[in-house]
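Notes for the structure review
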Amino acid sequence: MTETGAVGAVQETGADWPAIRPEVVAEVVAGLSARLQKRLDSAAAKLAGRPVERTGDDWRIAVDEEAELVLHAPGGVIADQADVRCGCLLAPACVHRAAAVTVCPITDEEPAGRPGAGGAGTDGAGPAAAAPPAGTPVAAQGTTAGTTARTTAGTASGTGDGAPPDVLAAAEVAAVHHLHRAGAAVLAAGVGGAGAVLQAELLRAAHRARLAGLYRPSAAAVAVVTRVRAARSGEPDHRLADLVAALRELLGLTTALADAASAAPAGPADGAPDGTPSVVPVGIAGLRGTARQAYGEAGALRLYGLFSEPVLTPTHAGAVTWAVDAGGGLHTIAEIMPHADATTAAPQAVGAGNRAIRLGDALLSHREFTRAGLAVQGATRSAGGRLGAGAAVRAVRASGAAWTAEPIARLWAEPPAAQVERALAAAALPPEGRPAGSELLFLEVTLIGAVPYGPGGALQLLADCGGAVVVLRAAHDHPGLAHRGNLALLAAAPGLRLRVVGRLERAARPELRLLAVGAPADGPHPGEPALALTDRADRVNLGLERLQRADLVLPAETPAEAPTPSGAEPEGASRLTGAPSAPGPLAALPDREGPAAPVHLLTRRVEQAVTGGRAALTLTVRTADGARSVDGDRARLRSAGLATGAALLDGLRSAAADQPRDVFGRVVADDHEAFAVAWLAAAWYGEELASALCATAWTSAMSGPVPAAGPVPAGEGASVHSQLSSQP
């Protein structure tokens, strides 16, 4: 709803809150008294329910009948604490200002028009692309051609532009310790206890780290605060695994930097007393990270569109399109912009696929480019494979290439086991050090069908990949994207042979999150299901385009359900109804997994610490026979040969319970260092063990018989479609 004021300004009611810079949150919350800090969380929850009105660059919130909050956000971003004004008598040290900055979503971007603000997609001017769904790295990250330059912070970091990249200055050491203490405090408090004050302290430490030139740890801290907020507010896209990964990344970086500082103690900002700079192990530059993407000359490129995927994060939405050059190298073109409301993120991502790509004078959308090509002159490319859109770049439309033709076809020539090994190895590298496209798998599969499979017997879409039974999952579970509906439709075509592009899902059995599918190299055989996508170059972007029943050619003997209207889910798709009553021949799939390693006994304690804090691990839970559950967990880990996991579990619980007390027996606050170390060790052990189990699962699954695909029994198609399209 909008209204026009007397001066012609447009007033928008029910507007979303503007974004805010992390340092502004820290500064405003730090100005509160201790008494008001205790009231901050309840005040923020109350203020979040107030209506917001926007007039130009001003957001207004009525606190009560006499006081009003005004948030001045040019370009939609609050960049200075003076832009947060309140009309109450206690301002500026009032709880209303602090509550407002706590409610606003956090962004690292500079508002438009401010110095240093850059547009997305320009050479070296835009911030790093947002991470893709499900905690995966941004599609445009990687390293091949191009250069990565570390942006320094000048005198703030204690090093000049010409300083060696492996020098740790005193300012950096102090920032690392501050960041580590703040991160450990958030971990010890848990999601429930990490209120606005702890969040603001972590943001203050993040800002200090950024000023010192520690861009990667700073970004990790902001990510932790963003995910803690999502967990506390119950946002639908919150995933506990993402929060655990963010905390593990933050504490892992600060621990590695602190260890580097201990190995080579930092001297004054300009070096040791004798003038010799303090040197730390090689790789410290990778721990620091970069402030912005650096673009290098890539010359002339002949690009062939591959596929496009939507990108959804708590703060950004858009699309990333992948392309292949004549030599088989991968490149990306991104269209990612901030969003202020989760309800508009999915439409923004889908709409980005229809926008024109920002590269030279080429007039084609991202979706069109996936089936066409480009001839580029004066190309620039970041270390992560993202193509720059500078003024000197020239690009014209050219012909594309089929997935079965060179140079695209060579992506499927790499053996699946080698692709999995490459993806797992890349996941262990820092984002700026990952080769472009290293997380992608290019496989040829034959759909088996949707059957109860794995723990719990939930319906899964299975496929045969060179003898391995692979679980195919939606790349993103958001209902506003086409992933789940397309997956449910593919389940109605057992025996369908496909070339697929997906991201490896690290699990104890082969799993893949599908991004795009296309026709096989040798085409469909007589009597086989097939894709009818000749008007779309025999391939489809599963997140941006919806398959229709007419896009599948099914054998006459395979019953098919009635067609589903475009963009609509079938009746009953919104609820999980359980396994079909008549599983049919597909349910004869043998379970070849065997007993799974009980890694969850350790990882669930790691997750419990994140949600409930340090205190949650000190509680004693007993089984029906009176034994402590932790004793049973320890015994099961040891019996499975995971003696290290059992020791780490003991260490985690001991560190959680080992809190200093005063002479009266009251708990004395500490820095939580021992607990953070024990938690980080357990978290990384679980991470490495999961990677090893994933590699073993793919290797062992390549041998052994795979059941033949059978037709879906009559009357079962609608049930399969309903369950696959509704389950996450």
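To be clear, the structure that these remarks concern was listed above.
Definitions and limits used
Residues numbered from 1 in each chain as written. Predicted model: local features only at pLDDT ≥ 70, side-chain atom pairs only at ≥ 80, totals over all residues. Heavy atoms only, no water. Helix = DSSP H or I, 4+ residues; strand = E, 2+ residues; numbered from the N terminus. Buried < 20%, exposed > 50% of the residue type's maximum accessible area, 1.4 Å probe, protein only. Contact = heavy atoms within 4.5 Å. Areas by Shrake-Rupley, 256 points an atom, 1.4 Å probe, with all protein chains shown as cover. Pairing = 2+ DSSP bridges. Phe/Tyr/Trp six-rings, centres within 6.5 Å; stacked < 30°, edge-to-face > 60°. Lys NZ or Arg CZ within 6 Å of the ring centre and 35° of its normal. Axes fitted to C-alpha atoms, helices over the stretch in contact; angles between N-to-C directions. Expected span 1.5 Å × (residues − 1). Salt bridge = Lys/Arg side-chain N within 4 Å of Asp/Glu carboxyl O. Core = buried A, V, L, I, M, F, W, Y, C linked by side-chain atoms within 4.5 Å.

**Looking at the overall build of the protein**
Looking only at helices and strands, the protein features 17 helices and 21 strands. Taken over 728 residues, the protein has a buried fraction of 50%. Considering only contacts within the protein whose residues lie at least 6 apart along the sequence, 69% involve residues at least 24 apart. In the structure as shown, the protein presents an accessible area of about 30000 Å², 56% of it carried by carbon and sulfur atoms.

**What to know about unusual backbone geometry**
That bond from A91 to P92 is cis: its omega, 10°, falls within 30 degrees of zero. Position of P92 relative to the elements: it lies in the loop between β8 (84-86) and α3 (95-103). Omega for the peptide link from E406 to P407 comes to 5°, which places this bond in the cis form. For P407, the position within the fold is in the loop between β13 (394-398) and α11 (416-427). Unlike most non-glycine residues, D538 shows phi in positive territory, near 60°. On the secondary structure map, D538 appears in the loop between β19 (530-531) and β20 (539-541). Residue D538 is classed as partly exposed on the basis of its relative accessible area of 31%.

**A short note on the pairing of strand β17 (residues 497-504)**
Burial within β17 is extensive, with eight of its eight residues counted as buried. Two elements, strand β14 (residues 440-452) and β17, share seven bridges in a ladder whose sense is antiparallel. Within β17, the residue paired with F442 across the bridge is V501. Here six bridges tie β17 to strand β18 (residues 511-518), and the two strands are oriented antiparallel to one another. Within the sheet, the bridge partner assigned to L504 lies in β18 and is L512. Hairpin connection, β17 to β18: the antiparallel pair is bridged by six residues.

**With respect to the packing of aromatic side chains**
By the definition in use, this model includes three aromatic pairs. Pairing W403 with W412 gives two aromatic rings, centres 5.1 Å apart and planes at 35°, and the pair type is tilted. Residue W403 is classed as buried on the basis of its relative accessible area, which comes to 4%. Overall, W412 belongs to the buried group, its relative accessible area being 8%. Put simply, the rings of W403, W412 and F442 touch in pairs and so form one group of aromatic residues. A cation over a ring is seen here: R248 above W684, with NZ or CZ 5.2 Å from the ring centre.

**Considerations on the environment of D83**
Inspection of the secondary structure assignment puts D83 in the loop between β7 (77-78) and β8. For D83, a relative accessible area of 16% translates into the label buried. For D83 and V70, which are 13 residues apart along the polypeptide, the C-alpha to C-alpha distance reads 7.8 Å. The residues touching D83, leaving out its near neighbours within four places in the chain, are V70, L71, H72 and I78.

**Examining the environment of L440**
Mapped onto the fold, L440 is located in strand β14. Sequence separation between L440 and Q419 is 21 residues, and the spatial gap between their C-alpha atoms is 8.0 Å. Aside from chain neighbours lying at most four places away, what touches L440 is F307, W322, Q419, R422, G502, R503 and L515.

**Comments concerning the pairing of β18**
In terms of burial, β18 is a largely internal element, eight of the eight residues being buried. Of the strand pairs in this sheet, strand β16 (residues 468-474) and β18 are connected by four bridges, and their pairing is parallel. Each residue of the ladder has a partner; that of R473, found in β18, is R513. Of the pairings in the sheet, the one linking β18 to β20 comprises three bridges and is antiparallel in character. If you follow A516 over to β20, its bridge partner there is N541.

**Quick word on the environment of L251**
Looking at the element boundaries, L251 is found in helix α7 (residues 240-263). Note: C-alpha distance between L251 and R181 (70 residues apart in sequence) is 9.3 Å. What L251 contacts, discounting residues up to four positions off in sequence, is H180, G183, A184, L187, W679 and L680.

**A closer look at the sheet that holds β13**
Spatially, the five strands line up as an open sheet ordered β11-β10-β9-β12-β13, and their pairing is antiparallel. Of all strands in the sheet, those with a lone pairing partner are β11 (330-338) and β13, marking the two edges. Here the average twist between neighbouring strands, direction ignored, is 45°. Direction of pairing for strand β9 (residues 295-312) relative to strand β12 (residues 373-382): antiparallel, over a ladder of eight bridges.

**Regarding helix α13 (residues 600-612)**
The terminal C-alpha atoms of α13, which comprises 13 residues, lie 17 Å apart, in line with the 18 Å expected from a rise of 1.5 Å per residue. A positive backbone phi angle near 85° is found at G613, which sits one or two residues after α13.

**Things to note about the pattern of salt bridges**
This structure, assessed with the given rule, holds 26 salt bridges. As a salt-bridge pair, E414 and R422 come within 2.9 Å of each other at their nearest N and O atoms. On the basis of relative accessibility, which here comes to 29%, the residue E414 falls in the partly exposed class. Since its relative accessible area comes to 23%, R422 is described here as partly exposed.

**A word on the nonpolar core**
In this structure, L71, L202, F675 and W679 are the most contacted members of the largest nonpolar core, which totals 96 residues. Here this core gets eleven residues from one element, more than from any other, and that element is α7. When near neighbours in sequence (up to four residues on either side) are disregarded, F675 contacts L187, A188, A609, R614, L617, L652, A655 and A656. Counting 36 residues, the second largest nonpolar core, distinct from the first, contains C465, L504, V517 and C694.

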